[in-house]
Structure formats: structure tokens, C-alpha cells
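Close look at the chain arrangement
Residue strings, one per chain:
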Amino acid sequence: MTFSRTVYLLGAAITFSAGCFALSTEKIEHSNVAATMHIKTIVLGSGCFWGAEKRYEALEGVIDAESGYADGHGFKATYKNITDQSRRFDENNYAEVVQVMYNSNVISSKALIQNYFESHDPTQLNRQGNDIGTQYRSIILTTTKEQAQLAEQVKAEYQPLLTEAGYGQIKTVIKPLEGFVSAEEYHQNYLQKNPNGYCPDHATGVVFNKTKKADADNNFLLSGKHIVVLDSREYCPYCEKFKKLVANDYKGSIPLTFRHADELKGLTIKSATWATPTILFLENGKEVYAHQGYASPAEFYKALGAFKLGDSDAYEVAFHERTDRPYCKEYKEFKNTPDGVFVDKLSGEPLFDTRDRFNSGTGWLSFKHPVKNSVTKHKDTSWGMTRIELKSKSSGIHLGHLFIGEGPRGTDRYCINATVLEFKPRDKS
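Residues numbered from 1 in each chain as written. Predicted model: local features only at pLDDT ≥ 70, side-chain atom pairs only at ≥ 80, totals over all residues. Heavy atoms only, no water.

Considerations on the packing of aromatic side chains
Going through the model one piece at a time under the given rule, you end up with 19 aromatic pairs. Considering the side-chain rings of Phe 117 and Tyr 158, the 5.7 Å spacing of their centres and the 50° angle between planes classify their relative orientation as tilted. Of this pair, Phe 117 sits in helix α4 (residues 109-118) while Tyr 158 sits in helix α5 (residues 145-164), and the two are 41 residues apart along the sequence. Both residues of the pair, Phe 117 and Tyr 158, count as buried. Ring centres of Phe 242 and Phe 300 lie 5.7 Å apart, and the angle between their planes is 70°; this geometry places the pair in the edge-to-face category. Separated by 58 residues along the polypeptide, Phe 242 in helix α7 (residues 237-245) and Phe 300 in helix α8 (residues 297-309) bring together distant segments of the chain. Connected via pairs of aromatic rings, a cluster forms that spans Phe 334, Phe 342, Phe 352, Phe 367, Tyr 414 and Phe 423. The ring centre of Phe 75 lies 3.7 Å from the NZ or CZ of Arg 87, which sits over that ring. (Phe/Tyr/Trp six-rings, centres within 6.5 Å; stacked < 30°, edge-to-face > 60°. Helix = DSSP H or I, 4+ residues; strand = E, 2+ residues; numbered from the N terminus. Buried < 20%, exposed > 50% of the residue type's maximum accessible area, 1.4 Å probe, protein only. Lys NZ or Arg CZ within 6 Å of the ring centre and 35° of its normal.)

Things to note about the packing of α8 against helix α9 (residues 313-320)
Viewed as axis vectors pointing N to C, α8 and α9 meet at an angle of 165°, and their least axial separation amounts to 9 Å. Relative to α9, the element α8 lies roughly antiparallel. When you trace α8 past α9, the crossing you get is left-handed. Taken together, the residues of α9 that come into contact with α8 (itself represented by Tyr 301, Lys 302, Gly 305, Ala 306 and Leu 309) are Ala 314, Tyr 315, Ala 318 and Phe 319. Looking at the contact of α8 with α9 residue by residue, the class counts come to seven nonpolar, one polar and one charged. (Axes fitted to C-alpha atoms, helices over the stretch in contact; angles between N-to-C directions. Parallel < 35°, antiparallel > 145°, perpendicular 65-115°, else oblique. Left-handed = near helix turned anticlockwise from the far one by under 90°. Contact = heavy atoms within 4.5 Å. Nonpolar A, V, L, I, M, F, W, Y, C, P; charged D, E, K, R; others polar.)

Here's the deal with the pattern of salt bridges
Across all of its chains, the model carries 17 salt bridges by this definition. Across the pair Lys 329 and Glu 330 runs a salt bridge whose closest N-O atoms are separated by 3.7 Å. Note that Asp 339 and Arg 426 form a salt bridge whose closest N and O atoms lie 2.7 Å from each other. One end of the pair, Asp 339, is in the loop between α10 (329-334) and β18 (340-344); the other, Arg 426, is in the segment after β26 (421-425), with 87 residues separating them in the sequence. (Salt bridge = Lys/Arg side-chain N within 4 Å of Asp/Glu carboxyl O.)

Regarding the sheet that holds strand β23 (residues 387-392)
Paired through backbone hydrogen bonds, the strands of a sheet run either parallel or antiparallel to each other. Strand order in the open sheet formed by six strands is β20-β21-β25-β24-β23-β22, and the pairing between neighbours is antiparallel. Looking at strand neighbours, the two that pair on one side only are β20 (357-358) and β22 (375-380), the edges of this open sheet. The pairing of β20 with strand β21 (residues 365-367) spans two bridges and is antiparallel. Bridge pairing links Arg 357 to Phe 367 in β21. (Pairing = 2+ DSSP bridges.)

Structural notes on the side chain of Ser 395
Summarising the element assignment, Ser 395 is placed in the loop between β23 and β24 (398-403). Note on Ser 395: relative accessible area 7%, which makes it buried. At a separation of 2.6 Å, a polar atom in the side chain of Ser 395 contacts the side chain of Asp 344. Looking at Ser 395, its side chain comes within polar contact range of the main-chain nitrogen of Ile 397, at 3.4 Å. Apart from the residues within four sequence positions on either side, Ser 395 is in contact with Tyr 301, Asp 344 and Ser 347. (Polar contact = N/O pair within 3.5 Å; in protein donor to acceptor, adjacent residues only side chain to side chain.)

Quick word on empty space enclosed by the protein
Throughout the structure, instances matching the rule amount to two cavities of 30 Å³ or more. Taken together, Ser 46, Gly 47, Cys 48, Gly 51, Ala 52, Arg 55, Ser 119, His 120, Gln 128, Pro 200 and His 202 make up the full set of residues lining the largest cavity. Of the residues forming the lining of the largest cavity, the biggest block, three residues, is contributed by helix α2 (residues 49-57). (1 Å grid on protein atoms, 1.4 Å probe; cavity = no way out; pocket = protein on both sides within 12 Å on 5 of 7 lines; lining within 4 Å. Points joined across faces, edges and corners; volume = space filled by probe spheres on them.)

Here's what the structure looks like:
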């Protein structure tokens with residue numbers, strides 16, 4: 001990989017080239033300002049470097065984070081070579097690492113090393129979670145004596161905290177950096193280049209802050225259906241994407257709760273909890289099934305539909321474009337409700353207002369128009385007809401059809417399946 005870029009920080013020019021950097025003090029030497037340079041580097045290995053690189057870049061004070069290989073010898077360091085099955089337990093294998101350049105005046109070396117220990121499980125030898133092999137070893141490669149001393153100090157401080165939490169001995173190796181090889185270009189900023197997926201989260205949940213954290217209250221999760229999303233304590237782009245595109249707008253009747261992997265006390269979870277996000281569908285505190293990794297709105301609502309609706313007419317209507325029987329039970333319940341709104345049965349998003357409802361005499365709920373920007377229109381040529389299909393904009397589920405000019409006084413008629421709706425009385429406050 002070849003690249004070069006220059007940034008200016010604290011009065012000095014820093015040029016990055018092929019994974020290394022050169023610090024030019026020319027500006028300082030020609031200046032009357034006396035300054036101490038706080039730019040330092042350290043190389044950290046904590047398993048797969050994809051998520052680690054992104055987490056370090058998200059820390060205030062980190063200037064650059066670069067994935068690479070270090071602490072090996074005897075062969076050329078490439079991803080193909082270090083992951084070769086023959087080197088899985090080779091003590092001479094290179095480790096997957098991240099070279100972190102940081103402003104120690106913003107984030108101290110000690111704080112960065114503490115973050116490193118907290119972000120993975122340093123008690124595992126040559127592995128992190130399901131990633132097994134010497135390339136996944138826990139290792140700190142220092143560039144100054146101060147870093148080495150601080151790393152040993154932080155390691156010693158962390159051990160009793162881990163022991164108290166039931167973990168074993170720290171396996172992290174601390175040694176001076178002898179060389180760093182930049183990883184291939186496709187590994188750099190990997191999570192940005194691959195927006196759909198998950199962030200490995202192998203953190204123990206043990207933190208240096210000695211303020212005792214109260215256990216998460218999971219009592220309310222022990223009754224009824226719930227959605228629990230495993231979040232990361234570190235920056236996770238897939239988690240943030242899920243929040244932005246799904247969770248932040250979710251208004252469904254099944255509660256959605258975020259938890260960290262160490263906050264599941266009292267729940268019966270079958271799935272691995274090391275990937276974030278992981279979406280758990282629980283009933284009475286027990287996992288029914290789970291989705292590991294980022295779920296798009298369509299994927300999330302398809303899974304939620306199966307969880308909430310099961311093998312029902314509503315599921316067939318929502319996801320297989322079926323049609324309610326005329327005058328079905330739900331139609332009879334909804335045709336004369338009090339003042340209020342009908343919402344998407346999965347997302348909870350408002351779709352239709354009772355003030356726009358009218359009796360079409362067809363046996364299906366009929367409305368003059370939907371709530372603004374709540375439905376999408378699609379061409380439907382099924383059953384030998386050409387019609388306009390209506391879908392919920394939020395969840396994508398099938399709602400019904402639009403019939404032009406079939407409403408009162410030549411207005412349009414939005415013919416809607418009652419089984420995919422829920423009713424909410426209008427808030428009088």
C-alpha cells in the first residue's frame with residue numbers, strides 16, 4: 001500500500017507515508033514559540049484489527065489509526081500469510097495490530113492504554129471470541145520507556161478488577177516495538193468500506209472507574225415480548241447506523257431496549273453476545289431468536305413480523321401481499337372506533353386518521369387519504385389486474401390498494417387491510 005498525506009498539528013508538519021510518519025520541526029525552529037510536542041505512537045493488538053481501528057479513531061485526541069502487522073518474523077507479513085492455517089499457532093506469526101498516533105495532551109498514554117484493556121478480553125490467550133490463532137494475541141508494543149512503564153502499571157491495576165469479576169490472568173504481552181507493517185489497503189477503514197455487518201465486541205465489561213455500577217434492571221423484560229439490542233461501549237458504526245435508520249424512529253408496541261453484553265443478568269440468552277449490534281427477540285425473559293449484526297429496516301421488520309404476528313393472517317397480508325377477508329373481525333372492531341389514528345402494527349408509525357375514514361360498503365377499511373408521507377405507492381399487476389399497491393413507508397409492509405376516484409364525491413379510496421393496523425385513541429391533552 002502506498003499513500004502520503006500531511007497534516008499540521010501543534011505547529012509541526014506530520015507526513016504519513018506507507019504506514020510510517022515523519023515529523024518536521026522546521027516551523028518550530030523558525031518560530032519564537034517554545035513548544036513541547038505531544039504527538040506519540042503506540043501499537044496495540046486486541047484481536048481483529050477492523051473494529052479496533054475504528055474505535056481508536058473515534059477517541060478524542062487520536063490523530064490517526066492504521067491497521068497492520070507486528071511482532072513476527074521469518075516470512076513476509078501479509079493478511080494471506082498470517083491467516084494461513086499452518087501458522088494458526090505459530091509463535092513467530094505476526095499479530096494483527098493497530099498503530100495509534102495520538103496527542104497525549106488531549107488523551108494521556110495511560111487513558112489510551114486503559115481504553116485498550118477495557119475494549120477486549122486480555123485474559124484470552126491467542127484468541128478473541130471465535131477468532132482463534134496467534135495473530136489475535138493481546139499485545140502492547142511501546143515506543144517510549146514511559147509507555148512501557150505505564151502499560152505495566154495499568155496491567156497490574158486491571159488484574160485485581162478482572163479477578164474480582166471472575167476472570168483469569170491477563171495474557172497481554174508488553175514489549176518495545178521493533179517494526180510495523182501496514183496492512184493491505186482493503187483493510188484500512190474496513191468498517192467504513194463495509195457498512196453492513198457487526199463490530200466484534202469482546203470487552204469484559206470490567207472498567208477502571210471504581211464507582212460501583214448498579215446492575216441493569218431487567219425485571220420488566222421477564223414478562224411479555226421484548227426486543228433487546230446489544231450495544232457497544234466503544235464506538236460501533238453498525239450500532240449507530242441501526243439507531244439512525246431503525247431504532248430512533250421505532251414506535252411499536254413491543255418495547256425496544258438497549259443493553260450491553262454484561263447487562264443481561266436474569267435473562268436466558270442462547271446466542272453469542274460478542275457482536276454488536278445483536279438483536280434479541282425475547283418472550284418472558286427467554287430468547288426466541290436473534291439477528292447478529294446490522295439489520296436494515298426491511299430485515300428488522302421482517303424479523304419483528306415473524307416474532308409479533310407469527311403464523312397469522314396479518315403476517316400473510318404484511319409480507320405476502322394477501323388480502324383480508326371482507327368484514328373480518330378486525331374490520332368490525334375498527335370501522336366505528338372513537339376519534340384517533342391507525343398505526344403500522346409493527347413500527348407504530350401513524351398511517352391513517354379516523355377523520356378521513358368513511359364507509360365504502362366493501363367490507364374493508366376505507367380512507368380519503370393517508371397521514372402525510374406515511375405510505376408509498378407501487379405498481380401491482382397481480383391477478384391479471386393493474387392496481388396501485390400501498391405499503392407502509394416505515395416498515396415496508398403491504399397495506400392495501402389505492403382506487404382512484406372511488407371515494408366520496410369522486411375522491412380517491414385508500415382500501416386498507418385492518419389486520420396490519422393498530423388503533424390509538426387521539427391524545428386529548
